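Now for the letters of each chain:
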Amino acid sequence: MARKADPIPACSDDEEEELMKNSHVLIVRFSAIGDVAMLVPVVYSLSQQYPHLRITVLSKPFARPFFEGLGANVGFMEADLKNEYSGIRGLNALYRRLKAKHFTAVADMHGVLRSSYLRMRFNLDRFKVRHIDKHRKERRRMVSSHKKQLVQLPTTVQNYADVLAALGYPVKLEFTSLFPPSGGNLRHLPPVIGEKKNFQLWIGVAPFAAHKGKVYPPEKMEAVIAQLLTLHPSGRIFLFGVGNDERKYFGEWCAKYPRCTDASAAVAGLPQELILMSHLDVMVSMDSANAHLASIVNVPVVSIWGATHPYAGFLAWNQREEDVVQVDLPCRPCSIYGNKPCQRGDWACMEMIKPEMIVEKVENVFKRAQKR
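Conventions adopted
Residues numbered from 1 in each chain as written. Predicted model: local features only at pLDDT ≥ 70, side-chain atom pairs only at ≥ 80, totals over all residues. Heavy atoms only, no water. Helix = DSSP H or I, 4+ residues; strand = E, 2+ residues; numbered from the N terminus. Polar contact = N/O pair within 3.5 Å; in protein donor to acceptor, adjacent residues only side chain to side chain. Contact = heavy atoms within 4.5 Å. Expected span 1.5 Å × (residues − 1). Buried < 20%, exposed > 50% of the residue type's maximum accessible area, 1.4 Å probe, protein only. Core = buried A, V, L, I, M, F, W, Y, C linked by side-chain atoms within 4.5 Å. Salt bridge = Lys/Arg side-chain N within 4 Å of Asp/Glu carboxyl O. pLDDT = per-residue confidence, 0-100. Axes fitted to C-alpha atoms, helices over the stretch in contact; angles between N-to-C directions. Parallel < 35°, antiparallel > 145°, perpendicular 65-115°, else oblique. Left-handed = near helix turned anticlockwise from the far one by under 90°. Nonpolar A, V, L, I, M, F, W, Y, C, P; charged D, E, K, R; others polar.

## Quick word on the side chain of Ser 278
Note that Ser 278 resides in the loop between α12 (269–277) and β9 (282–286). Reaching out from Ser 278, the side chain makes a polar contact with the backbone nitrogen of Gly 184 at a distance of 2.9 Å. Setting aside its immediate chain neighbours within four residues, Ser 278 contacts Phe 179, Gly 183, Gly 184, Val 297 and Val 299.

Structure follows, in structure tokens:
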């Protein structure tokens, strides 16, 4: 009879701590700013719950402000995939740079061709690698024009956490804000922003997105702004966005409504935008990056959804479904990312949302805050 193997002795706390000190996780996520912002609660939770684990986030250069200062054991590496590391030759160069860091585990939070190539290289060299499940099959059913299946899918933040769990680092998601409860230091911002007076409401409005299916008609958004300024005579509205459409409409609105400020033009880049956002009482946003930026500085978001749907998993971190503005239509959602033409041709998913519906949601946020 074969002799039973002796049980493997459990590691002592000191041995586990030493093992963790020698562990180094690489977290890979390129893509758009909102997708990277949704990494913040996960990376923070990982850094706090595994304080002896070294963590490096690999992303585009813009993402550095999200992770610097997030934890003593969190580092950031930037990679410009369009220039310095473009094509197969560039990815091979990037891989050589990464391999030299001697990571013990790799989390591919992106799951696209470029990250998959890096993942393949790590796998061939026998690194421990796991990648994100984007639930593509379920998403296709969600946007199907026949036999649509509208069910809540895991959020992107949860999908990220699942990758870490598969690597052996399960986390309890615990994150509030990049800043202390009092918010970022307003003194770091230009004088045009000023100080926030007692009982004064600051409202953020981010009315645009990358695709038409996620943009509320500007004339209707102007009506929202006018109503909010009428309801709150001492309130201020800060407009967020940097595209050509933003410049055109923001200029008109700021000229027409003196208590409107083009925030993105006034402040210097993402770090200052985040400071300003941390002092907002609410953010009104499309299904777009600004909803996620406001979320990681602990600001409630009234989000407006047209061609897309929160069930696809993109509702921002720690936001409430009751603060979502949308209309039920049999064709919704028709797109996961809002980049497809309207099947009806009239963009009813946005046109049917009345300004009063948005204002009511904003007022509900204020009422909820007063009850605290």
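## A few points about helix α15 (residues 355–370)
Since the α-helix advances by 3.6 residues per turn, residues separated by three or four positions end up pointing in the same direction. An ideal rise of 1.5 Å per residue puts 22 Å on 16 residues; α15 measures up with 23 Å between its terminal C-alpha atoms. Of the positions making up α15, those classed as buried are Pro 355, Ile 358, Val 359, Val 362, Glu 363, Val 365, Phe 366 and Arg 368. Here the buried face of α15 lies against β6 (202–206), α9 (218–231), β9, β10 (301–304) and β11 (324–325).

## A look at the environment of Tyr 311
Structurally, the position occupied by Tyr 311 is in the loop between β10 and β11. A relative accessible area of 23% means that Tyr 311 is categorised as partly exposed. Sequence separation between Tyr 311 and Val 359 is 48 residues, and the spatial gap between their C-alpha atoms is 23 Å. With residues up to four places along the chain from it excluded, the contact list for Tyr 311 reads Met 142, Leu 150, Val 151, Gln 152, Leu 153 and Glu 321.

## Comments concerning helix α10 (residues 244–256)
For α10, with 13 residues, the first-to-last C-alpha span of 19 Å sits near the 18 Å given by 1.5 Å per residue. Where α10 is concerned, the buried positions are Glu 246, Phe 250 and Trp 253. Structurally, α10 contributes buried residues whose contacts are with α9, β7 (236–239) and β8 (260–262).

## Quick notes on the nonpolar core
In a soluble, globular protein the nonpolar side chains are often hidden away together inside. Counting residues in hydrophobic clusters, the biggest one holds 67 residues, and the most contacted among them are Ile 27, Phe 66 and Phe 67. For this core, the leading source of residues is helix α8 (residues 156–167), giving 6 residues. The residues touching Phe 66, leaving out its near neighbours within four places in the chain, are Ile 33, Val 36, Ala 37, Val 40, Leu 178, Leu 270, Leu 274, Leu 293 and Ile 296. The next biggest cluster of nonpolar side chains, apart from the first, holds 33 residues, and it includes Leu 329, Cys 349, Ile 358 and Phe 366.

## Describing the pattern of salt bridges
Side-chain pairs of opposite charge can arise where the charged atoms are in close proximity. Throughout the structure, instances matching the rule amount to 13 salt bridges. Notably, a salt bridge pairs Glu 68 with Arg 64, separated by 3.4 Å at the nearest N-O pair. For Lys 172, the salt bridge identified is with Glu 174, shortest N-O distance 3.8 Å. A residue is classified by how much of its surface remains accessible, and Lys 172, at 57% relative accessible area, is exposed. What emerges from the salt-bridge pattern is a single network uniting Arg 320, Glu 322, Asp 323 and Arg 368.

## Regarding the confidence of the model for the chain
Chain-level statistics for the chain give a pLDDT mean of 93 and a share of 94% at 70 or above. Throughout residues 1–11 the model reports pLDDT below 50, and contacts reaching past four residues in sequence, or to other chains, amount to 2 contacts.

## Remarks on the packing of α9 against α10
When two helices pack together, their arrangement is given by the angle between their axes and by how far apart the axes lie. Orientation of α9 relative to α10, taken along the N-to-C sense of each, is 30°, at an axis distance of 12 Å. Our classification of the angle between α9 and α10 gives roughly parallel. When you trace α9 past α10, the crossing you get is right-handed. The segment α9 lies against α10, with Pro 218, Met 221, Glu 222 and Ile 225 engaging Tyr 249, Trp 253 and Lys 256. Here the residues of the contact of α9 with α10 sort into 5 nonpolar, no polar and 2 charged.

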